[in-house]
Amino acid sequence: MKHRIVEELHGVAMFVAAIWAVFLLDLVVPGTFNRFGLAPREVGGLVGIVTMPFLHDGWGHLLGNSVPLIILLSLLAGSRANSYGIVAMIVVLGGALLWMFGRGGTLHVGVSGLIYGLITFLIVAGFREGRIGAILVAVFVGFMYGWTLITGMIPLTAGTNVSWDGHLMGAVAGAIVARIAVKPDAGSTNGSLADFSGL
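Residues numbered from 1 in each chain as written. Predicted model: local features only at pLDDT ≥ 70, side-chain atom pairs only at ≥ 80, totals over all residues. Heavy atoms only, no water.

K.L.:
Just checking my understanding: could you explain the packing of helix α4 (residues 83-101) against helix α8 (residues 164-181) for this structure?
P.N.:
Helix-helix packing is characterised by the crossing angle of the two axes and by the distance between the axes. Relative to each other, α4 and α8 sit at 135°, their axes nearing to 8 Å. Comparing their axes, α8 and α4 come out oblique. Of the two possible hands of crossing, α4 and α8 adopt the one that is right-handed. On α8, the residues touching I86, M89, I90, L93, G94, L97, L98 and F101 of α4 are D165, G166, M169, G170, V172, A173, G174, I176 and V177. Considering only residue class, the contact of α4 with α8 consists of 12 nonpolar, 4 polar and 1 charged. (Axes fitted to C-alpha atoms, helices over the stretch in contact; angles between N-to-C directions. Helix = DSSP H or I, 4+ residues; strand = E, 2+ residues; numbered from the N terminus. Parallel < 35°, antiparallel > 145°, perpendicular 65-115°, else oblique. Left-handed = near helix turned anticlockwise from the far one by under 90°. Contact = heavy atoms within 4.5 Å. Nonpolar A, V, L, I, M, F, W, Y, C, P; charged D, E, K, R; others polar.)

K.L.:
Before we go on, may I ask you to explain the environment of G64 in this structure?
P.N.:
Note that G64 resides in helix α3 (residues 59-77). By relative accessible area, which is 44% here, G64 ends up partly exposed. In the structure, G64 is positioned 48 residues away from S112 in sequence and 9.2 Å away in space, judged by C-alpha atoms. (Buried < 20%, exposed > 50% of the residue type's maximum accessible area, 1.4 Å probe, protein only.)

K.L.:
What is the right way to look at helix α6 (residues 132-151) in this model?
P.N.:
Turn by turn, an α-helix covers 3.6 residues, leaving residues three or four places apart pointing in a common direction. Taking 1.5 Å per residue as the helical rise, α6 with its 20 residues ought to reach 28 Å, and the 28 Å between its terminal C-alpha atoms agrees with that figure. Bending of α6 peaks at approximately 60° at the position of Y145. When α6 is considered as a whole, its buried residues turn out to be G133, A134, V137, A138, V141, Y145, G146, L149 and T151. (Expected span 1.5 Å × (residues − 1). Bend = angle between axes of the 7 residues up to and from the residue.)

K.L.:
Would you mind showing me how to read the packing of helix α5 (residues 112-129) against α6 here?
P.N.:
Running from N to C, α5 and α6 cross one another at 145°; their axes reach a closest spacing of 8 Å. Judged by the sense of rotation from one axis to the other, the crossing of α5 with α6 is left-handed. Together, Y116, I119, T120, L122, I123, G126 and F127 of α5 and A134, I135, V137, A138, V139, V141, G142, Y145, T148 and L149 of α6 make up the contact between the two elements. Partitioned by chemical class, the residues of the contact of α5 with α6 number 13 nonpolar, 4 polar and no charged.

K.L.:
Teacher, can you tell me more about unusual backbone geometry here?
P.N.:
Where the residue is not glycine, phi is negative for most of them; where a peptide bond is considered, it is trans in most cases. Even without a glycine there, the phi angle at R41 is positive, about 60°. Its location among the elements puts R41 in the loop between α1 (5-28) and α2 (48-51).

K.L.:
Can you help me understand α4 in this one?
P.N.:
For α4, built from 19 residues, the straight-helix expectation of 27 Å at 1.5 Å per residue is met to within 8% by its first-to-last C-alpha distance of 27 Å. For α4, every residue scored as buried is listed here: S83, I86, V87, I90, V91, G94, G95, L97, L98 and W99.

K.L.:
Whenever I open this one, the pattern of salt bridges confuses me. Can you help?
P.N.:
Oppositely charged side chains can form a pair if their charged atoms are brought close together. Scanning all chains against the criterion turns up 2 salt bridges. Here R103 makes a salt bridge to D165, at a shortest N to O gap of 3.0 Å. Of this pair, R103 sits in the loop between α4 and α5 while D165 is found in helix α8, placing the two residues 62 residues apart along the sequence. Residues R131 and E129 are paired through a salt bridge, measuring 2.8 Å at the closest nitrogen-oxygen approach. Looking at R131, the relative accessible area reads 24%, which means it is partly exposed. (Salt bridge = Lys/Arg side-chain N within 4 Å of Asp/Glu carboxyl O.)

This is the structure:
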């Protein structure tokens, strides 16, 4: 059944509001939540796979992530994709990859892993499905965020205080999810987790 952007924007708003609420609560009682970030290969850091997207280290970090997150989630919501399922898959897979292969001794926080996953998902899914609307979305996302995608995954260009490995694992997760969830257009996409034919 088709859905439209307006029907999904409520979920987008709630997700972003939850991220902001956690950040504001952490300002009231500093250090309450950020200690639950993702710590690679530490048992206690496993919880960070699901909590990391809700945690941010300062206003700049939060604001820098909020705008692209809203744009990308809105584009995803505009398709007939199972938006919630895709977001959950990118978060869990990207977090698991980061926990297994990320830099040790580092506490990762922020929703940028999901952002990078959404970038690669929308690009790969658009060209994989092959419909004109989905391809246009893929081109738009590539134009808007392609350079950010490339530079954000390289240590020398991302910066030492940036979770470049979190970006990388998120991007890998997004591409994998697109490969699994989106079927190439063959006249029907019944059964696909991500159906972009509504675009």
